[in-house]
Amino acid sequence: MELIFNWLGTLPGAVAQGLAWGLMAIGVYITFKILDVADLTVDGSICTGMAVCAVLVTNGVNIWIAILCAMLAGMLAGLVTGLLHTLLGIPAILAGILTQLMLWSTNLLIMGGKANIALSRIKYGDKVLISSGSSEIYVSLAILFAFCFVVIALLYWFFGTELGMSLRSTGCNLEMSRAQGINTDFTKVFGLALSNGVVALSGSLLAQQQGAADINFGRGAIVIGLAAVIIGEALFQKKTTNFALRLFFVVCGAIIYWFVFQTVVFIGLPTELLKMLSAIVVALFLGVPFLKSRVFAKKKKRG
Amino acid sequence: MLEIKNICKTFNEGTINEKKVFDDLSLTLEDGDFVTVIGGNGAGKSTMLNLVAGAYSVDDGQIFIDGEDVTKLPEYKRAKLIGRVFQDPRMGTASDMWVEENMSVADSRGHRRGVRWAITSKDRERYREQLKILDLGLENRLTTKMGLLSGGQRQAITLLMAAMKKPKLLLLDEHTAALDPKTAAKVLEITDKLIKENNLTALMVTHNMRDAIAHGNRIIMMNAGKIVLDIKGEEKKKLTVESLLAEFTKASGAEFSNDRALLS
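The shown structure was predicted, so the numbers you read here are calculated from the model rather than taken from an experiment.

Analysis parameters
- Residues numbered from 1 in each chain as written.
- Chains lettered and ligands numbered in written order.
- Predicted model: local features only at pLDDT ≥ 70, side-chain atom pairs only at ≥ 80, totals over all residues.
- Heavy atoms only, no water.
- Helix = DSSP H or I, 4+ residues; strand = E, 2+ residues; numbered from the N terminus.
- Rg over C-alpha atoms; globule rule 2.2 N^0.38 Å.
- Buried < 20%, exposed > 50% of the residue type's maximum accessible area, 1.4 Å probe, protein only.
- Contact = heavy atoms within 4.5 Å.
- Areas by Shrake-Rupley, 256 points an atom, 1.4 Å probe, with all protein chains shown as cover.
- Lys, Arg positive; Asp, Glu negative; His and termini not counted.
- Charge placed at Lys NZ, Arg CZ, Asp CG, Glu CD.
- 1 Å grid on protein atoms, 1.4 Å probe; cavity = no way out; pocket = protein on both sides within 12 Å on 5 of 7 lines; lining within 4 Å.
- Points joined across faces, edges and corners; volume = space filled by probe spheres on them.
- Nonpolar A, V, L, I, M, F, W, Y, C, P; charged D, E, K, R; others polar.
- Disulfide = S-S within 2.5 Å.
- Buried area = accessible area lost by both parts, 1.4 Å probe.
- Salt bridge = Lys/Arg side-chain N within 4 Å of Asp/Glu carboxyl O.
- Polar contact = N/O pair within 3.5 Å; in protein donor to acceptor, adjacent residues only side chain to side chain.

Enquirer: How should the overall build of chain A be read in this particular structure?
Expert: From N to C terminus, chain A includes 13 helices and 2 strands. What you see for chain A is a C-alpha radius of gyration of 20 Å, in line with the 19 Å of a compact globule of 303 residues. Once the C-alpha set of chain A is aligned to its principal axes, its extents read approximately 65 × 50 × 35 Å. When burial is assessed residue by residue, chain A has 50% of its 303 residues classed as buried. Looking at chain A alone, contacts between residues at least 24 apart form 77% of all its contacts between residues at least 6 apart. Accessible surface, chain A as shown: approximately 14100 Å² in total, 71% of it carbon and sulfur. Of the charged side chains in chain A, 20 are positive and 12 negative, and the gap between their average positions amounts to 12 Å.

Enquirer: What is the right way to read empty space enclosed by the protein from this model?
Expert: Residue and element names in this part refer to chain A. A complete count under the given rule lists 2 cavities of 30 Å³ or more for this structure. The space that makes up the largest cavity amounts to roughly 90 Å³. Around the largest cavity, the lining is made up of 10 residues, and of these Tyr29, Gly232, Glu233, Arg246 and Phe249 lie nearest the centre. Broken down by element, the residue count for the lining of the largest cavity peaks at 4 residues, all from helix H11 (residues 221–236). Taken together, the residues of the lining of the largest cavity sort by class into 5 nonpolar, 3 polar and 2 charged. In this model, the second largest cavity occupies a volume close to 30 Å³.

Enquirer: Explanation requested: the state of the cysteines in the structure shown.
Expert: Chemically, a disulfide is nothing more than a covalent bond linking the sulfur atoms of two cysteines. Residue and element names in this part refer to chain A. With the rule as written, the count across this model stands at 0 disulfides over all chains. With no disulfide partner, Cys252 has as its closest neighbouring cysteine sulfur the one in Cys148, 9.6 Å distant. On the basis of relative accessibility, which here comes to 16%, the residue Cys252 falls in the buried class.

Enquirer: Looking at this model, I keep getting lost on the interface of chain A and chain B. Mind explaining?
Expert: How large an interface is tends to be reported as the accessible area lost when its parts come together. Counting from both sides, the interface comprises 21 residues of chain A and, opposite them, 31 residues of chain B. In this assembly, chain A packs against chain B so that about 2400 Å² is buried in total across both faces, 62% of it on carbon and sulfur atoms. Between the two partners, chain A and chain B, sit 2 salt bridges. In this structure, A:Arg168 engages B:Glu101 in a salt bridge whose closest nitrogen and oxygen atoms are separated by 3.0 Å. For the interface between chain A and chain B, the tally reads 11 residue pairs in polar contact (both at pLDDT 80 or more). Put simply, the parts of the chain that give the side of chain A that touches chain B at least two residues each are helix H7 (137–158), helix H8 (162–172) and helix H9 (174–179) of chain A. The dominant element in the side of chain A that touches chain B, judged by the number of residues it contributes, is H8(A), at 7 residues.

What follows is the structure in structure tokens.
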């Protein structure tokens, strides 16, 4: 009985993690699903968001301005990837890796050469929005939920505008988009910047929630983001084509991911294995549609 | 309306795969001309359309549309003057977007895409009216994903999208080739209707000689990067497939080498 009670006690923490990572997954959704680009910049830009937020707050800057700056820094990172891809013709995946590598140095510079900057609410009080401990978990949950809500609402609006529509069509069909007068280089760069802005926002919230910015944070973040996108899609895809709801399901996917994570930790599985597990889960989900289509194709031939 | 002046184009220059498609090709289309283009395999029909649209750049020569020199304009900037329909029905529309979203993307062609809401109820009503013209029942399927429609339906909508902003020039690249004969006839009928109603200047590549004779006011025949036949007006109305083939052999000194054209 006590065991179940303890397990339930981990749930709010999982939801909080899920909400913060959900924003990051929304960023991944923008590139991976809408623009049809696998952008690896996010591993670096999530940490950039963290670093900028932590450095600014510890230097006495208002938290809202710090979050805004974190977002701008993330957008800048996306811009770099976008320009490497469109101006220099480097394949998107490689452009992302290059920016990611640049960001590791940049992040270290931002953090003044330190690998870790503490940012706890205990020390900084009201200067930090979200508490890292479990003491004010419900306040944290409300704030994180509000962030997700506002970001989803804004993106829903944006992707319904003419500019947003041109981003979507770029991801769907390049030839058609150019024939319809869309500068597809511009839309790609714009989408990458937008995506990494959202990812860095997620990073700035995670810095508060973790109580620190860490230079090694974000390694493999893309896999967690993809996992959230895929889980959200697998569970709820058939329910609706409404865009706002789809983004909401991505956040749900992130929450489920962290819920499973917490449970696995609770059971006592060594945490070193978790990244392996995440990668296997993502590989399976990405591979299943392909295998399915092959099996069905074979059946058709025989029939 | 369209003026192609002495254009040259060679692919893979300086390699073993070098292919010279055009060496000094010129063609002028008058305002309101509906020109059908026919020719053998590798004659350069599609390449000509792609050069006009800006998908490839010319090595030499100039292209004018409505008096404007577009030779150096990138493809997306030329789009404000040009409407296009491709051979592959999947190429002209975005499969993962709704019918009305596709139409809205076309509706924004030629002006800066800002953060204006893309589809208002007024737009939706307008799209519905335009879809009614097609007579395919698509006016009730505005929120259907494009990918769920048939090739003919997609091609018809692509046509509508191409004609939407009354382009100076409409480029049709074998746009009925991938359709079954009945659907192809329907799409051609819609093509005629849209060109007539909007008074468009059009260039239509086709592999079907009968279609090439039956549609438009002018027919050009291409062979090895040259225009070998150019027949317009009354004279064009008298053409038959046989006389056209005979003319071709006479003009080019070669047999017409397009299996699909001969079989259909």
